[in-house]
Amino acid sequence: MSDKPVNIVNNNNNNEQLASIDTSDNNTQCITIVDNNNELSFSSDDESKDEQQQVKQQQTETQNTLISEKKKMEKKIIENVEKNNLQKILEALQSNDINLQLDGAVQVRKLLSMEKNPPIDDVLESGILPILVNFLSFNAQPLLQFESVWAITNIASGKSFHTETVVNSGVVPTLIKLLQSPCDDVVEQSIWALGNIAGDSSKFRDYVLKLGALQPLLQIIANNPKITILRNAAWTLSNFCRGKPAPEKSLVSPSLPVLAHLLYHSDEEIVCDTTWALSYYSDGTNDKIQDVIDSGVCRRLIELLLHRSNSIVTPALRTVGNIVTGDDLQTQIVINMGVLPSLQHLLSSSKTSIRKETCWMISNIVGGSRSQIQSVIDSNIIPSILKLISKNGEDTNVKKEAMWIMNNLFAGGSKEQIDYAIKLECMITIIDLLENSKDVKILGIVLESMKSLLKAGNDFRNNNSVNPYIECIEGCDGFEKVRLFSNHHSFDITSLVSEILDFKNDE
């Protein structure tokens, strides 16, 4: 390629476009497009407005055409440059000169590091990937290994079929071996590559884990490496635990002691990825929840609920929320550690998703034993829940999760606990939500809550006494407002309406 700039001039209707390709630097290429369009103008006192509008439209169409042609020319120039570059890169990679091989690896890595539309397909079609994979065995050339792994990492970060091509190249066992490289840069980049592959799908995640990637990664973390390696390791660990279906427990459970240690690290990025890893692990059966509890992380997770960064609060909340989906004993552990005041605080979070997940977590606690319901009541959380339900402009999903708390209270609470909510005028809030919400899911949970309340009232009645909550609902015109939904388009809604009205008719 010439060392001089190549100028391409296209004269079209006196509109000149100049494309300059600067190829003076073998490592970078600068492409600039200059458009010296002759500006169209019009000025005549005798022209009508229609004629002026027509000229404007013609000007716009001309300019749009020029822009389109410019983009096509730019794309063609870039494609030609890439094609020429790839051929030269391939020749360098195939040479026997280690310096040319290294230069070729650097060039392909730079191409694949482009922020927009890196030419991954072109690189794969050129046959470069097998050469890069082969370079990973050059242990005497760590810099060549590093550049090659970096390029492979970028390919694996593309679309799923790009990742699959990388996996099919047979590179994964080699990447795992490179985790024991004496060169930190090679280790760090190999961790990153494995993280990209595992993060693509549960299939590739399991493949990487079954080839034994976890143990050397845990050993790297145990050796207290530099911070950038540790960050990549924590992120890769989270990808090892992530995805549905979840990985086999035996493949990832050895990571728990390491995750418990990383949870106390001073670096927020490491703590964030560690907490996400724990959230993925705990999202499953009760035995996996117990593994997380037994690792000793619960108290630290509760501390992180009050962290200044929402990027850490979110996975901490998810993890503790997963724990309270377990049995009553598992739920009680986090209650005993003081989780409820933290949840009370999070109900006023500025982040909608945090308020929503907090309500979801509280609903699971209230869905437990009556002593656990009482713990929620004693923490003064129910008034805050009613405020969320009645708050104008509050997110629908937040209100829905908040209503599940009330439903679970009515369904499982004692008469004294339900009466406590009634004294807070909860039915006024709930009936008002019924009247003003158009969301079918909100309507459903509101009606479900009323049904749960009336069913509890029937269970509490003595001999010939009346249902104690019918009068409460009547006092809010609740039954009349429920009746308005008798002809709702949703069968589930009309069924609930019928069941609620039957309670009143049975009296």
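These remarks concern the structure in this document. If you're wondering where the values come from, they're calculated on a predicted model, not measured in any experiment. (Residues numbered from 1 in each chain as written. Predicted model: local features only at pLDDT ≥ 70, side-chain atom pairs only at ≥ 80, totals over all residues. Heavy atoms only, no water.)

Observations regarding the side chain of Q417
So, point 1. Along the chain, Q417 turns up in helix α24 (residues 415-423).
So, point 2. Residue Q417 is classed as buried on the basis of its relative accessible area of 5%.
So, point 3. Within the structure, the side chain of Q417 is placed 3.1 Å from the side chain of Q374, a separation counted as a polar contact.
So, point 4. There is a polar contact of 2.9 Å between the side chain of Q417 and the backbone nitrogen of S414.
So, point 5. Each residue touching Q417, except ones within four places of it in the same chain, is listed here: R370, I373, Q374, I377 and L409. (Helix = DSSP H or I, 4+ residues; strand = E, 2+ residues; numbered from the N terminus. Buried < 20%, exposed > 50% of the residue type's maximum accessible area, 1.4 Å probe, protein only. Polar contact = N/O pair within 3.5 Å; in protein donor to acceptor, adjacent residues only side chain to side chain. Contact = heavy atoms within 4.5 Å.)

Looking at the packing of aromatic side chains
So, point 1. Applying the stated criterion to the full structure yields 4 aromatic pairs.
So, point 2. Taking the centre distance of 5.4 Å and the plane angle of 55° together, the rings of F146 and W150 count as tilted. On the criterion of helical spacing, the pair formed by F146 and W150 is a turn pair, its members being 4 residues apart in helix α5 (residues 142-156).
So, point 3. Positioned over the ring face of W150 is R109, at 4.1 Å from the centre of the ring. (Phe/Tyr/Trp six-rings, centres within 6.5 Å; stacked < 30°, edge-to-face > 60°. Lys NZ or Arg CZ within 6 Å of the ring centre and 35° of its normal.)

Notes on the nonpolar core
So, point 1. Of all hydrophobic cores here, the largest spans 146 residues; its most connected members are L343, I385, M406, M427 and M450.
So, point 2. Broken down by element, the residue count for this core peaks at 10 residues, all from helix α26 (residues 440-460).
So, point 3. Beyond its immediate stretch of four places on either side in the chain, I385 contacts L347, C359, I362, A402, I405 and M406. (Core = buried A, V, L, I, M, F, W, Y, C linked by side-chain atoms within 4.5 Å.)

A closer look at the pattern of salt bridges
So, point 1. A full pass over the atoms with the stated rule returns 20 salt bridges.
So, point 2. A salt bridge links E147 to R109, with the shortest nitrogen-to-oxygen separation between them at 2.8 Å. One end of the pair, E147, is in helix α5; the other, R109, is in helix α2 (residues 98-112), and 38 residues separate them in sequence.
So, point 3. Classification of R109 by relative accessible area gives buried; the value is 14%.
So, point 4. Ionic pairing is found between E357 and R318, a salt bridge with its closest N-O pair at 2.6 Å. With a gap of 39 residues between them, E357 in helix α20 (residues 352-366) and R318 in helix α17 (residues 310-323) connect regions that are remote in the sequence.
So, point 5. When its relative accessible area of 13% is taken as the criterion, E357 is described as buried. (Salt bridge = Lys/Arg side-chain N within 4 Å of Asp/Glu carboxyl O.)

The values are spatial; any link to function lies outside them.
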